[in-house]
Amino acid sequence: MTKERTLHLVGAGLAGSEAAWQAAERGADVILHEMRPVRLTEVHKTGNCAELVCSNSFRSDDWENNAVGLLHEEMRRAGSLIMMAADHHKLPAGGALAVDRDEFSAEVTARLASHPRIEIRQDEITGLPPSDWASVVISTGPLTTPALSAAINALTGEDALAFFDAIAPIVLRDTIDMDVAWMQSRYDKPGPGGTGADYINCPMNREQYEAFIDALLAAEKTTFKEWEVSTPYFEGCLPIEVMAERGRDTLRFGPMKPVGLTDPRTGRSPYAVVQLRQDNALGTLWNMVGFQTKLKHGEQTRVFRMIPGLESASFARLGGLHRNTFLNSPKLLDERLRLKADPRLRFAGQITGVEGYVESAAIGLLAGRFAAAGFFGSDTLPPPPTTALGALLAHITGGHLADTSENGPRSFQPMNVNYGLFPPLPDSGKRLKGVERGRARKKGLSNRALLDLGIWLENSACEPVQC
Ligand SMILES: Cc1cc2nc3c(=O)[nH]c(=O)nc-3n(C[C@H](O)[C@H](O)[C@H](O)COP(=O)(O)OP(=O)(O)OC[C@H]3O[C@@H](n4cnc5c(N)ncnc54)[C@H](O)[C@@H]3O)c2cc1C
């Protein structure tokens, strides 16, 4: 293989497999380094590429009404190996795309192994890639080995890479009832770069608070897996249900404290308050402050809709706590997924702060294309943020707003693709309501995405001689 066009890929999971395919199809020589089956992770069981570690579902396949379905369709149009293998081995699953996991991974492995420009090497990378590897994509996933994690930590200057994420739910802004909630920062403090009215506040009276605590304590929780037990909590962020167990008033003196806030409808401070903070630059996603939780997902929806103002809330992401490994990407990566501190290194997959099989593969698809473009002196532009691929990329490389106030410095948390990441549509002038309005919005965003993707694909097509 010609050294100057050799891309070294570390980790042949969902992201690494897709990145290898995309880069090789664009003319790059690829060496794919994968430690399995010589060394397994806590959850992988085979030596196959793109092994699915848990569910066999790629979630909804409805591109018109669901953001992950749209991402499927965009990836298909971009020649995705992961989507091709998923389509070949799909199982009946209603509107979802579920696959036969063994056949799926076997096809991905066979296609990569037989590609003339790809070599698969069974080795664990235990430190920073050697300096003579001119182009590298690291896609070692949520279970990146400790030696490699430590090397990345040292290079990026970050404190921690693997820990329990304390993830709080995120709500779509246009599903919050602003006739009940109001905008105000505590004590009207503008803070750095704020206005004094930067938070959405949902008020509770005593009765509502007591009912909420009862529901929280009674709700079903998920349990830790055995291998998760030895991983520390990140920055001591306790789940809200654990705080509630410590005393009925703990939350009222913690994340739900009402001090410095006045409900404009009563002219008084409420008994307790739930605050939401803007999570993305577009202002479409709002994070429930201090609401990290390990309640089961169905229980979260039920209990959090008891909060006044959130009765009809749609959640772009639900809360959770689990071991994970991911970079503070908005700070560390540029818009083509290169590490600012060492641009020969790109990152892809869950380690960049996306969540899920499809999202991880999608970022692999982009990393493979960007890396290949680099070899041939062309400059593939990032896909526009109006596409699902572009919206996801924009979120991890800059769309997320860093929190500098209450929850510590690391507010960036893994994210599934969702419509809240897309720039809003221009006002159509049509006055629709409720479900009809939601459906029209999703269809509008999806149609715009596929149009814009078509233009991006055309403009970023490689020269036939290289493909
Ligand atoms: C327990 C668990 C359950 C999950 N369940 C789901 C689910 O049901 N649905 C869903 O959509 N997502 C789920 N996820 C998230 C899922 O892991 C990711 O979405 C997806 O697999 C990430 O893709 P990836 O390519 O980034 O990482 P992976 O698919 O994990 O691939 C990373 C690869 O890197 C290899 N590797 C690691 N370190 C090294 C090293 N130092 N040298 C060489 N190779 C290395 C690993 O062996 C692995 O093959 C789950 C994650 C975990 C941890």
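Source: prediction; values computed, not measured.

Details of the overall build of the chain
Across its full length, the chain holds 12 helices and 17 strands. Evaluated residue by residue, the chain yields a buried proportion of 55% over its 467 residues. Excluding contacts between residues fewer than 6 apart, the proportion of contacts in the chain whose partners are at least 24 apart in sequence is 72%. Put simply, the chain shows about 19,300 Å² of open surface, and 53% of that area lies on carbon and sulfur atoms.

Focus on the site of the ligand
With respect to spatial proximity, 30 residues lie near the ligand, and among them E34, R36, T145, Q350 and Y357 are the closest. Measuring from an oxygen atom of the ligand, one finds a backbone N or O atom of A15 at 2.9 Å. Within the contact set of the ligand, an oxygen atom lies 2.8 Å away from a side-chain nitrogen or oxygen of R36. Mapped by element, the contributors of at least two residues to the shell around the ligand are α1 (14-25) and α10 (357-375). Partitioned by chemical class, the residues of the shell around the ligand number 12 nonpolar, 14 polar and 4 charged.

A few points about the side chain of Q350
Inspection of the secondary structure assignment puts Q350 in the loop between β17 (342-347) and α10. Accessibility expressed as a relative area gives 11% for Q350, which makes it buried. A distance of 3.4 Å separates a polar atom in the side chain of Q350 from the backbone nitrogen of G356. Once you skip the residues sitting within four places of it in the chain, Q350 turns out to touch P142, N324, T325, F326, E355, G356 and S360.

Observations concerning the pattern of salt bridges
Enumeration according to the criterion identifies 20 salt bridges in this entry. With a closest N to O distance of 3.2 Å, R76 and D61 form a salt bridge. Of this pair, R76 sits in helix α2 (residues 67-77) while D61 sits in the loop between β3 (57-60) and α2, and the two are 15 residues apart along the sequence. On the basis of relative accessible area, D61 is assigned to the partly exposed category, the value being 24%. Two residues, R248 and E210, come together in a salt bridge whose shortest N-O distance is 2.7 Å. Here the residue R248 occupies a position in the loop between α7 (240-245) and β12 (272-278), and E210 occupies one in helix α6 (residues 206-218), the gap between them amounting to 38 residues. A residue is classified by how much of its surface remains accessible, and R248, at 33% relative accessible area, is partly exposed. Because the salt bridges share partners, they merge into one network encompassing D61, E73, R76, R77 and D87.

Comments concerning the environment of G320
Its place among the elements puts G320 in strand β15 (residues 320-325). A relative accessible area of 14% places G320 in the buried class. Note: C-alpha distance between G320 and T222 (98 residues apart in sequence) is 8.9 Å.

Here's the deal with the sheet that holds strand β7 (residues 135-138)
Read from one edge of the open sheet, 6 strands run β6-β2-β1-β7-β17-β16, paired in mixed fashion. With partners counted over all chains shown, the strands left at the sheet margins are β6 (118-121) and β16 (338-339), one partner each. On top of the sheet, helix α5 (residues 146-156) reaches β1 (6-10), β7, β16 and β17; it is set at about 135° to β17, its chief contact. Of the strands in this sheet, β1, β7 and β17 are in contact with α10, which crosses β17 at around 150°.

Here we look at the nonpolar core
Formed by 88 residues in total, the largest nonpolar core has its most connected members in F58 and F104. For this core, the element with the most residues is α10, which contributes 12 residues. Once you skip the residues sitting within four places of it in the chain, F104 turns out to touch L14, A50, L52, F58, I82, A85, A86, H89 and V99. In this structure, I176, A181, I240 and V274 belong to the second largest nonpolar core, which totals 32 residues.

Concerning the pairing of strand β5 (residues 96-99)
Bridge count for β3 against β5 is 2 bridges, and the pairing is antiparallel. In the strand pairing of β5, S57 is matched with A98. Sheet analysis places strand β4 (residues 90-91) next to β5, joined by 2 bridges and oriented antiparallel. Note on β5: the bridge partner recorded for K90 is V99. Count of turn residues in the β4/β5 antiparallel hairpin: 4 residues, of which G94 carries a positive phi of about 60°.

Remarks on α10
Quick reminder: α-helices carry 3.6 residues per turn. Residues three or four places apart thus point the same way. The end-to-end C-alpha distance of α10, which contains 19 residues, comes to 27 Å, matching closely the 27 Å that a straight helix rising 1.5 Å per residue would cover. Burial within α10 is extensive, with 18 of its 19 residues counted as buried. In the stretch just after α10, G377 is the one whose phi turns positive, near 70°.

Re the side chain of S105
Residue position: S105 is located in helix α4 (residues 101-113). Judged by its relative accessible area of 3%, S105 is buried. Apart from residues no more than four positions distant in its own chain, S105 is found in contact with N48, C49, A50, E51 and L52.

The rules behind these values
Residues numbered from 1 in each chain as written. Predicted model: local features only at pLDDT ≥ 70, side-chain atom pairs only at ≥ 80, totals over all residues. Heavy atoms only, no water. Helix = DSSP H or I, 4+ residues; strand = E, 2+ residues; numbered from the N terminus. Buried < 20%, exposed > 50% of the residue type's maximum accessible area, 1.4 Å probe, protein only. Contact = heavy atoms within 4.5 Å. Areas by Shrake-Rupley, 256 points an atom, 1.4 Å probe, with all protein chains shown as cover. Near = heavy atom within 4 Å. Polar contact = N/O pair within 3.5 Å; in protein donor to acceptor, adjacent residues only side chain to side chain. Nonpolar A, V, L, I, M, F, W, Y, C, P; charged D, E, K, R; others polar. Salt bridge = Lys/Arg side-chain N within 4 Å of Asp/Glu carboxyl O. Pairing = 2+ DSSP bridges. Axes fitted to C-alpha atoms, helices over the stretch in contact; angles between N-to-C directions. Core = buried A, V, L, I, M, F, W, Y, C linked by side-chain atoms within 4.5 Å. Expected span 1.5 Å × (residues − 1).

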